[in-house]
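# Per-entry structural report
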Amino acid sequence: MEILPDMDNLSVTRSRTRLLRAAPLCLLAVLLLSGCNNDPYPAGESASSTLFVTMGAEPKTFDPSIGYDATVGPVIDAIYPDYFQYHYLKRDPFVLQLGLGATDPERAPYPCTVTVNGKKVRKTGESWTFHIKHGLRFQDDPCFPNGKGREIIAADFVYSFKRMADPAVPCPVVSYFSDKILGMSHYQDVNSALVAKKQPADYSLPIEGLQLDPKDPYTFRILLSDPYPQLRYLMAMHFTSPLAHEAVEKYGKDLAFHPVGCGPFVLAEYVPRGRIVLKANPNYRKDDFYPSDGAPGDREAGLLEDAGKQLPLIKEVRFTIIREGITAWNQFQQGYLDVAGVTQDNFQQAMSNPTEISPDMKRKGIRLSKQPHIEISYFGFNMTDPLWGGYSEKQRKLRQAVSLAVDSQEIIDLESLGLGEPADSVIPPGIFGFDKSYKNPYRQFNIEKAKQLLVEAGYPNGIDPQTGDRLVLNYDNYATSAAGRQFIALIQRQIGKLGIHVESRSTLLPGFQDKLDHGQFQFFYYGWIADYPDPENFVFMFYGPNKRPGPNANAYANPKYDALFEQMRAMPDNAQRLKIIDQMRDIVVEDCPWIYVDYPESFGLVHSWFHNYKPNPVANDMAKYYRIDTAERARKQAEWNRPNYIPAVVVVALLIFGSLPAVNVVKERTNRHVRRNSEGAR
Amino acid sequence: MLTYIIRRVLYAIPILIGVSLLTFILFYASATPDTIARRNLSAKNPTRKQLDQWKQQHGYDKPLPQQFVSHMKGLLLLRFGNSDANGEDIWGRIRVSAFPSFLVAFLAFFLGLLVSIVLALAQAYFRGTYLDYYGTFLTVLLLSIVYVVYIIAFQFILAKILKYFPIAGYQSGRDALRFVLLPVMVQVVAGLGGGVRQFRTFLLEQMGQDYVRTARAKGVSESAILFKHVLKNAAIPILTVTVATIPLLFTGSILAESFFGIPGLGNYLFDAIGSQDFAVVRAMVYFGTLLVIFGYILTDISYALFDPRVRLE
């Protein structure tokens, strides 16, 4: 009788042993059963005409009146096209061509009366008459009768302007329009009062400067209080894309993630923190073709092989939301992403030197694409600061001395892996007014000259003779990362060579912006990315009336400069405009409110199957021009991603053999116990 | 038991209010309503008018006590409201995102528990032998490695070099398993060091008890002692450390979800903190607190079920 419980124990032990032995096998089985491949997409998708790209952050909105950042740009612009679009291939200068527009808008002087400081003033403004194409349709959507997208008319353009002016819609660029389109600020005021009372804005209220043609539903007029040639560029931004009132009324705030547009693509799927899938829009206009001409070198680069083909060339775009750069880089190397950027994380693997791709990348057929930005980064002085601001000779020389001590190349090497051009003026390459031969006298790194200027400013060796103390320059920043601290140390060292102590004052970005708003800063580092490729979009940062919350962050004000700015802003690009721009540049260079650092650049890596890739820093509607050689992609993906089972088998075998001695011990102990008990029973 | 549960639920209310108050204070200590507005507006330099309008629309223009009361009222009634960043319904998003989080965390939790107990049992069974020593060394080693290193190493070895799994991504339906296996393995292995050490201690503590000595004296085999008696008695401390975490499986892991691109609640909270979306942060903290409280109630109930000596009154 005593043996029975032991027999039970034996079976328990045996079953545990079996379990122990079976566990790795089970794991292997699960591994194999689960398909065991590293393809991150549903089966067959890699072989379809789909572009695979990544999005580095969660999109905030796809609402064309609100979305502004670089993350959402490619999605919004693929869904919401505009009156104008940028020529896909032409650069320097960038060329606008008709998109939804049928003809170039007609511009004419327009006499008007505006209220300035409570007084009525007669002015000569401008009228722009726009004619849109006939037969354009919105995408199919349940907001339309029978779910079929209706025809687009001029009223849909006017509606999008009214929506921008809706106080409940935080449109980031409304200030570009509100002080220029007649009656728009009045419309905003009336609706602000309604919104304050928790009522919806009244879109039926007219705006004097937005007029529909009662006889022609495809024509509308914009009346401006001043000539504003930059309106052309704004008519190429998704904010002015036609909007269907049916969609806004049906979806309300949900329009943010339920876009209803008329572009080459429609949103087919959005999984927050997962993916965004765009599919070709069957209602997209049939007269959009791949360009037949381009910039010099485009034909040789194979960028004109699809000339004349109807757009879009691909059927789907899949954005995978991947926050971690290392993850995206690995997927690119496996061929599951069609394009990747060169970053600090992958520079060592991707590049041999700052201009050449690594042999490993070359072997895979990956090519390098230089991506110019229309952007400038700079240090700014607070021009209202009693020590570092001001316009006296002494104050100017002090700033000029600091400017001469800052070495742009060292900053570019540290911050941007050596990518970027040292900047001499505010206008970057590719924009009218950029002068390659110009050398800013205060941006040629020269410590001796800087020290001399410091003496002339009355601060020899950076010492204030009145107090006997070192000059202190408070550097306000939002750098909290290790890289940010390295950057601060570099600036402290560079300016420190003059004997000036740079004190870092770090906050989070919103806190930093608060400081800028309230003028509570001395010195800061910032950048500006152009909204449109016109010099006005850069030189306006020194225009006195544009001080915060406008783009003139350091409150620079020089009446001579302001007068020249007012003269040039509405001029066409010609020799006279260029002359004025040069004069403005010289004024600012002498006043030295900024230390120009660089015109940033970046590199992209592109797989061999990805065709027609040419980055454009001002346009976002690029996906329709891309072409994918799906057969090549599928072949290379299969070749690069064959699983290697040998290590798994070896590990499982090691586990089994490694556990054998333990199993034997268990058996031995149990047998010993059974024997002992049996002997005891006998 | 019912009275006990009701009492515990009532105790939960001041805890929930306290946690929410703390979140509220901490949030406002790091951000003013202006900075929240600025962060959530897309303009490069929003005007004062735009900032004020945004604050008014989202209720951040009211005095702080009034804001707290109105937030608290909504939370207590499980009305989480809309996200500050994009106006999305928070509860709707929590419901959708909870499943991927739960799938990864559930598999990782149970597989981790199973493997940890099995290994702890093996170590206890072979205590004092080389297997025990090496096992201890290995668990301490596993315990010393930072979590993110596991993620990068597993992604590198299993997904990049050996190509068994996708490096990141997620698909719903049957395909989901392919995507969650790698994060599950990472979590299991990363948790193994701590788990095995802890469970081994629980088991050895029991093995020193009088009842084990008595059983040995009566001639009960080691295996029977370990599996029939020790394991049952060690269940109470094991339950204490595990059951309370079950409800938290819904909230997911911020780091793993971020690296593996799992569209779960961990990722949701991470984004909300990054974009200073106070509405989502306070809702998620509240939701998390609710789950913790639920977890402790569950632990108490499981005591009563496993240990006949425990009575919930």
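Conventions used here
- Residues numbered from 1 in each chain as written.
- Chains lettered and ligands numbered in written order.
- Predicted model: local features only at pLDDT ≥ 70, side-chain atom pairs only at ≥ 80, totals over all residues.
- Heavy atoms only, no water.
- Helix = DSSP H or I, 4+ residues; strand = E, 2+ residues; numbered from the N terminus.
- Buried < 20%, exposed > 50% of the residue type's maximum accessible area, 1.4 Å probe, protein only.
- Areas by Shrake-Rupley, 256 points an atom, 1.4 Å probe, with all protein chains shown as cover.
- Contact = heavy atoms within 4.5 Å.
- Lys, Arg positive; Asp, Glu negative; His and termini not counted.
- Salt bridge = Lys/Arg side-chain N within 4 Å of Asp/Glu carboxyl O.
- Polar contact = N/O pair within 3.5 Å; in protein donor to acceptor, adjacent residues only side chain to side chain.
- Pairing = 2+ DSSP bridges.
- Axes fitted to C-alpha atoms, helices over the stretch in contact; angles between N-to-C directions.
- Buried area = accessible area lost by both parts, 1.4 Å probe.
- Expected span 1.5 Å × (residues − 1).
- 1 Å grid on protein atoms, 1.4 Å probe; cavity = no way out; pocket = protein on both sides within 12 Å on 5 of 7 lines; lining within 4 Å.
- Points joined across faces, edges and corners; volume = space filled by probe spheres on them.
- Nonpolar A, V, L, I, M, F, W, Y, C, P; charged D, E, K, R; others polar.
- Patch = residues over 30% accessible without salt bridge, like charges linked within 9 Å, V, L, I, M, F, W, Y side chains within 5 Å.
- Parallel < 35°, antiparallel > 145°, perpendicular 65-115°, else oblique.
- Left-handed = near helix turned anticlockwise from the far one by under 90°.
- pLDDT = per-residue confidence, 0-100.
- Core = buried A, V, L, I, M, F, W, Y, C linked by side-chain atoms within 4.5 Å.

### Considerations on the overall build of chain A
- Summing up its helical and strand segments, chain A has 20 helices and 22 strands in all.
- Counting only C-alpha atoms and orienting by the principal axes, one finds that chain A spans roughly 120 × 80 × 60 Å.
- A buried classification covers 56% of the 682 residues belonging to chain A.
- For chain A, the computed accessible surface area is about 29200 Å², with 56% contributed by carbon and sulfur atoms.

### A word on the overall build of chain B
- Helix and strand content of chain B: 13 helices and zero strands.
- Counting from the amino terminus, chain B carries its helices and strands in the arrangement α-α-α-α-α-α-α-α-α-α-α-α-α.
- Principal axes of the C-alpha set define a box for chain B whose edges measure 85 × 55 × 35 Å.
- Looking at chain B residue by residue over its 313 residues, the buried ones come to 53%.
- A fraction of 72% describes how many contacts in chain B between residues 6 or more apart in sequence connect residues 24 or more apart.

### Considerations on the side chain of B:Lys160
- The residue B:Lys160 is located in helix H7 (residues 147–161) in this model.
- Although B:Lys160 lies buried, it forms no salt bridge, and the closest oppositely charged side chain, A:Asp360, sits 7.4 Å away as judged by the N-O distance.
- Within the structure, the side chain of B:Lys160 is placed 3.1 Å from the side chain of A:Gln333, a separation counted as a polar contact.
- The residues touching B:Lys160, leaving out its near neighbours within four places in the chain, are A:Asn330, A:Gln333, A:Gln334, A:Gln349, B:Gln155 and B:Ile167.

### Some thoughts on the sheet that holds strand E7 (residues 219–224) of chain A
Residues and elements named next belong to chain A.
- Here we have four strands laid out as an open sheet, ordered E4-E5-E7-E6, and antiparallel in their pairing. Among the strands making up the open sheet, the edge pair consists of strand E4 (106–116) and strand E6 (210–212). The mean inter-strand angle of the sheet, taken between neighbouring strand axes irrespective of direction, is 25 degrees.
- Across three bridges, the pairing between E6 and E7 is antiparallel. Its bridge partner being in E7, Leu212 is matched across the sheet by Phe220.

### Focus: the interface of chain A and chain B
- The partner chain B presents 58 residues to the 75 residues of chain A that form the contact.
- In total, chain A and chain B occlude about 6000 Å² of area from one another, counting both sides; carbon and sulfur atoms represent 52% of this.
- The largest contributions to the chain A side of the interface with chain B come from A:Lys60, A:Arg273 and A:Arg323, which together make up 13% of the buried area.
- In this assembly, chain A and chain B are joined by two salt bridges.

### A short note on the pattern of salt bridges
Residues and elements named next belong to chain A.
- Scanning the model with the defined rule gives 49 salt bridges over all chains in all.
- The shortest N-O distance in the salt bridge between Glu601 and Lys370 comes to 3.6 Å. In this pair, Glu601 is assigned in strand E20 (residues 594–606) and Lys370 in strand E14 (residues 367–372), connecting sequence segments 231 residues apart.
- Overall, the relative accessible area of 48% leaves Lys370 in the partly exposed class.
- Salt-bridge contacts for Arg585 lead to Asp586; the nearest nitrogen and oxygen are separated by 3.3 Å.
- On the basis of relative accessibility, which here comes to 15%, the residue Arg585 falls in the buried class.
- Overlapping salt bridges, with partners in common, bring together Lys133, Arg285, Asp287, Asp288, Asp621 and Lys624 in one network.

### So, the environment of A:Leu387
Residue and element names in this part refer to chain A.
- Inspection of the secondary structure assignment puts Leu387 in the loop between strand E15 (375–381) and helix H11 (393–405).
- By relative accessible area, Leu387 is classed as partly exposed at 24%.
- Sequence separation between Leu387 and Leu398 is eleven residues; the distance between their C-alpha atoms is 9.0 Å.
- Among residues more than four places away in sequence, those in contact with Leu387 are Gln395, Leu398, Tyr459, Leu471 and Val472.

### Overview of H7(B)
All names here are of chain B.
- Under the 1.5 Å per step criterion, the end-to-end length of H7 is 20 Å for 15 residues, consistent within 8% with the ideal 21 Å.
- Every buried residue of H7 is accounted for by Tyr150, Ile151, Phe154, Gln155, Leu158, Ala159 and Lys160.
- Of the residues flanking the end of H7, it is Lys163, one or two places downstream, whose phi is positive at about 60 degrees.

### Quick notes on the sheet that holds strand E1 (residues 50–55) of chain A
Residue and element names in this part refer to chain A.
- An order of E1-E10-E9-E8 is seen for the four strands of this open sheet, with the pairing classed as mixed. At either end of the open sheet lies a strand with only one pairing partner, and these are E1 and strand E8 (265–271). When the angles between neighbouring strand axes are averaged without regard to direction, this sheet yields 20 degrees.
- Pairing analysis gives six bridges linking E8 to strand E9 (residues 275–280), with the strands arranged antiparallel. Its bridge partner being in E9, Val266 is matched across the sheet by Lys279.

### Quick word on empty space enclosed by the protein
Residue and element names in this part refer to chain A.
- Within this structure, the stated rule accounts for six cavities of 30 Å³ or more.
- There is about 100 Å³ of room inside the largest cavity.
- Along its surface, the largest cavity is lined by 13 residues, and Ser425, Val426, Ile427, Ile581 and Arg585 are the ones closest to its centre.
- By residue class, the composition of the lining of the largest cavity is nine nonpolar, two polar and two charged.

### So, a nonpolar patch on the surface
All names here are of chain B.
- Taken together, the side chains of Leu2, Ile6, Leu10, Ile13, Ile17, Leu76 and Leu77 present a nonpolar region at the surface, about 640 Å² in accessible area.
- Considering each element in turn, the nonpolar patch owes the most residues, five residues, to helix H1 (residues 2–30).
- By the element assignment, Ile6 lies in helix H1.
- Relative accessible area serves as the criterion here: at 46%, Ile6 is assigned to the partly exposed category.

### Observations regarding the packing of H1(B) against helix H13 (residues 278–306) of chain B
All names here are of chain B.
- Here H1 crosses H13 at 150 degrees, and the two axes come no closer than 10 Å. The angle between H1 and H13 places the two elements in the roughly antiparallel class. Handedness of the crossing formed by H1 with H13: right-handed.
- Its residues assigned to classes, the contact of H1 with H13 shows 19 nonpolar, three polar and two charged.

### Concerning the confidence of the model for chain A
- Mean pLDDT for chain A: 88, with 93% of residues reaching 70 or above.
- Note that residues 1–17 of chain A has pLDDT below 50 and, in this model, 15 contacts with residues that lie over four places away or in other chains.

### Some details on the packing of helix H2 (residues 33–40) of chain B against helix H3 (residues 48–58) of chain B
Residues and elements named next belong to chain B.
- Between H2 and H3, the shortest axis-to-axis distance is 9 Å and the interhelical angle comes to 100 degrees. What the angle tells us is that H2 and H3 run roughly perpendicular. Of the residues in H3, those touching H2 at Pro33, Asp34, Ile36, Ala37, Arg38 and Asn40 are Arg48, Leu51, Trp54 and Lys55.

### Points about unusual backbone geometry
Residues and elements named next belong to chain A.
- Here the amide bond leading from Asp92 into Pro93 is cis, since omega sits at 5 degrees, within 30 degrees of zero.
- Counting through the fold element by element, Pro93 comes out in the loop between strand E2 (84–86) and strand E3 (96–98).
- In this structure, Pro312 follows Leu311 across a cis peptide bond, with omega equal to 0 degrees.
- One non-glycine residue, Asn461, adopts positive backbone phi at about 55 degrees.
- For Asn461, a relative accessible area of 58% puts it in the exposed group.
- Of note in this structure, Cys592 is not a glycine but carries a positive phi near 55 degrees.
- Mapped onto the elements of the fold, Cys592 is located in the loop between helix H18 (575–591) and E20.
- On the basis of relative accessible area, Cys592 is assigned to the buried category, the value being 3%.

### Side note on the nonpolar core
- Counting residues in each nonpolar core, the largest one holds 168 residues, and the members touching the most others are A:Phe177, A:Leu231, A:Ile276, A:Leu278, A:Phe379 and A:Phe538.
- Residue contacts for A:Ile276: discarding those within four places in its chain leaves A:Met55, A:Pro59, A:Phe62, A:Val75, A:Leu267, A:Glu269, A:Tyr270, A:Val317, A:Arg318, A:Phe319 and A:Ile321.
- Core analysis: the second largest hydrophobic core is formed by 56 residues, B:Phe126, B:Ala159, B:Leu181 and B:Ala234 among them.

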